[in-house]
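Chain and residue survey
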Amino acid sequence: MSEERSLNFLEEIVEEDIAAGKNGGRILTRFPPEPNGHLHIGHAKSICLNFGLALKYGGKTNLRFDDTNPTKEETEYVDSIKEDVKWLGFEWAHELYASDYFDKLYDFAVTLIKKGMAYVDDSSAEEIAAQKGTPTEPGIPNQYRSRGIEENLALFAEMKAGKYPDGAKVLRAKIDLAAPNMHLRDPLMYRIKHAHHHRTGDKWCIYPMYDFAHGESDAIEEITHSICTLEFIPHRDLYNWFIEKLEIFPSKQYEFARLNLNYTVMSKRKLLQLVEDKHVEDWDDPRMPTISGLRRRGYTPASIRDFCDRIGVAKRENMIDVSLLEFCIREDLNKTAWRRMVVLDPIKMIITNYPEAQTETMFSENNPEAEGGEGGRELPFSNELWIEREDFMEEPPKKFFRLGIGLMVRLKSAYIVKCDSFTKDASGNVTEIYCTYIPESKSGNDTSGINVKGTIHWVSVPHAKTAEVRLYDRLFRVEDPSNEDGDFKEYLNPDSLQILPKAYIEADLAKAIPGKGYQFIRKGYFTLDKHSTADKLIFSRTVTLKDGWKTP
RNA sequence: UGCCUGAUAGUAUAAUGGUAGUACGACGGUUUUUGGUACCGUUUGUCUAGGUUCGAAUCCUGGUCGGGCAACCA
């Protein structure tokens, strides 16, 4: 245990707080999504941070739904968020909702009114915006700001009772209309919304704003470290103001830079557009950066946690290269995925000196990375094989370690073959390749003394089964679609999905287990798609193998 | 033009006044019945100008550049 990894700035803060005996060394974080959409890889960073910090320092983490805006939130999203957090491998201490605190929040508001620190404003949204001034000009108070405490109390009670229509009145904190921080210019605390809430139903027609709900919820739960993203920095003064004036538990807010990944978009709004405009199948389309999309694509929870660990945490804007995500999933799958042979783009090889009706059983291990190969499976071999079209060239370049006239390769787990000739159709496409095999070169007891550079995969023609294979590429053609001119959708990659209707798979793959990753030798990692059936197998490519081969 | 933030290889991240390190990427090599894996090597960096100091990525001052802030969203 000599490994000393340096701490990120949040870990440093936590360690300092523990050393100082703050909160008796107790650590409680929270992950606070609004249930208005599906979680994506950016949320995974926040989840790993909040849960990871608590785990590391013997604390706990609450899952709290920030459901203060009933018009946007749905139970469906609550369920999907819970599923995703669990799938990532984290357990929350308590499942909580900001809406659980609506009564307390109402009382907090009354407290501030009584202290003369909040008032009911009858102005319209436009008027309030105009009266707020601009970053360089102070705002100006209106006539409602000086309303008496009793009147405010009565009006606020009437707002709650449903006496007023949406937008007629709001409750505002009385702070400072000339504050340099715009968020302190008498921010809204409550607005009227006669809307049905996914949990509280029709009990309420006034709902607290984020700023009046979040810090207070943190305080109610006695959250010690409230971690959020950079754009909330200007809210921190307000967060602290409410806590101080209400004299409640002093939770502290800390901010980190959100994750940006290149060649994709991360905003809920944009992801929603991709779904609605049918550029992708759904939220869990394997090309989406959503947790459900990554899951369907074949990413494992461990690989995503590892990724979040490797990207680090800091306060500067960042753009992470997807190659790191791909590295993480390859590293995980390389150790666990069973190897199988699949020919994606087939061409027939005929072994002219192998008996026509003969079948021979070869053996191949499941995983060369694992102790003992984790067992293996039998592979029927015959004189007719499907091989990959790209493994043969009419005029091979110098370092092409595959097939061409006179060239030899090893058929994985079988014999070495030598290419003798080939046939073409009328339009010049190669149709069949003729080879001779070396009987003494059988895998496992090769006495031929022949060394070949290349090994290729194959599937016996009479024994092959078929499957549809879907190959995915990055969703966008440019690194940062949101930052390009015009609509981000103009930069979609038209070739992000390639469907191969008929690939030849080795028979064993008919038993493929949903959710498990397989390495199709030399072709990448694949997993069963959710639409796959026994009659029609469908495999999706999670990621390619790293490919060092470049045509000279 | 106000306030708040931030700036270290291509991308991230560390060094907390004392040798600028790590990972991914790229490039090259060794091993290999996957052009995978593993292993080894190479490459490239402190935004800028001053100052403090024996010594500055780190502290100070000015500038430059990036991000955020004027939702009855979170």
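Residues numbered from 1 in each chain as written. Chains lettered and ligands numbered in written order. Predicted model: local features only at pLDDT ≥ 70, side-chain atom pairs only at ≥ 80, totals over all residues. Heavy atoms only, no water.

Let's shift gears to the domain arrangement of chain A. By a frequent convention, interface size equals the accessible area lost on bringing the separate parts together. In terms of domain boundaries, chain A breaks down into domain 1 (9–258), domain 2 (268–338 + 467–543) and domain 3 (344–457). Just the C-alpha atoms count here: the centres of domain 1 and domain 2 sit 35 Å apart. Listed per partner, the contact involves 24 residues of domain 1 and 24 residues of domain 2. Between domain 1 and domain 2 the total buried area reaches about 2200 Å² when both faces are included, carbon and sulfur atoms providing 69% of it. Looking only at domain 1, the three residues that lose the most surface to domain 2 are His-38, Ile-41 and Trp-87, adding up to 31% of its buried area. Put simply, domain 1 and domain 2 have three salt bridges between them. For Glu-255, the salt bridge is made with Lys-315, and the minimal N-O distance between the two is 3.6 Å. Here domain 1 is connected to domain 2 by seven residue pairs in polar contact (both at pLDDT 80 or more). Classifying every residue of the side of domain 1 that touches domain 2 gives 13 nonpolar, five polar and six charged. (Domains from an automatic or database assignment. Contact = heavy atoms within 4.5 Å. Buried area = accessible area lost by both parts, 1.4 Å probe. Salt bridge = Lys/Arg side-chain N within 4 Å of Asp/Glu carboxyl O. Polar contact = N/O pair within 3.5 Å; in protein donor to acceptor, adjacent residues only side chain to side chain. Nonpolar A, V, L, I, M, F, W, Y, C, P; charged D, E, K, R; others polar.)

Time to look at the sheet that holds strand β1 (residues 28–31). The strand order β1-β2-β3 describes an open sheet built from three strands, whose pairing is parallel. This sheet does not close on itself; its edge strands, each paired only once, are β1 and β3 (95–97). Neighbour-to-neighbour, the strand axes of the sheet open up by a mean angle of 35°, direction not taken into account. Where β1 and strand β2 (residues 60–65) come together, four bridges link them in parallel fashion. Considered in β2, the bridge of Arg-30 is made with Asn-62. Against the sheet, helix α2 (residues 41–56) makes contact with β1 and β2, and its axis sits at roughly 160° relative to β1, the strand it touches most. Of the strands in this sheet, β1, β2 and β3 are in contact with helix α7 (residues 210–221), which crosses β2 at around 140°. (Pairing = 2+ DSSP bridges. Helix = DSSP H or I, 4+ residues; strand = E, 2+ residues; numbered from the N terminus. Axes fitted to C-alpha atoms, helices over the stretch in contact; angles between N-to-C directions.)

Here the focus is the sheet that holds strand β4 (residues 118–121). A sheet is described by the order of its strands in space; here four strands give the open sequence β4-β5-β6-β7, paired in antiparallel fashion. On the outer flanks of this sheet lie β4 and β7 (206–208), each paired with one strand and no other. Averaged over neighbouring strand pairs, the angle between their axes works out to 20° when direction is ignored. Contacts from helix α4 (residues 102–114) reach β4, β5 (170–173), β6 (188–192) and β7 within the one sheet, and its direction differs from that of β6 by about 120°.

Their axes nearest at 9 Å, the elements α2 and helix α11 (residues 301–311) cross at an angle of 75°. The orientation of α2 with respect to α11, classified from their angle, is roughly perpendicular. Together, Ile-41, Ala-44, Lys-45 and Cys-48 of α2 and Ile-304, Arg-305, Phe-307, Cys-308 and Ile-311 of α11 make up the contact between the two elements. Tallied by class, residues from the contact of α2 with α11 come to seven nonpolar, no polar and two charged. (Parallel < 35°, antiparallel > 145°, perpendicular 65-115°, else oblique.)

Looking at the element boundaries, Arg-330 is found in helix α12 (residues 322–336). With no salt bridge to any partner, buried Arg-330 finds its closest opposite charge in Glu-326, at an N-O distance of 4.0 Å. Setting aside chain neighbours within four positions, we find Arg-330 in contact with Tyr-525, Val-543, Thr-544, Leu-545 and Lys-546. (Buried < 20%, exposed > 50% of the residue type's maximum accessible area, 1.4 Å probe, protein only. Lys, Arg positive; Asp, Glu negative; His and termini not counted.)

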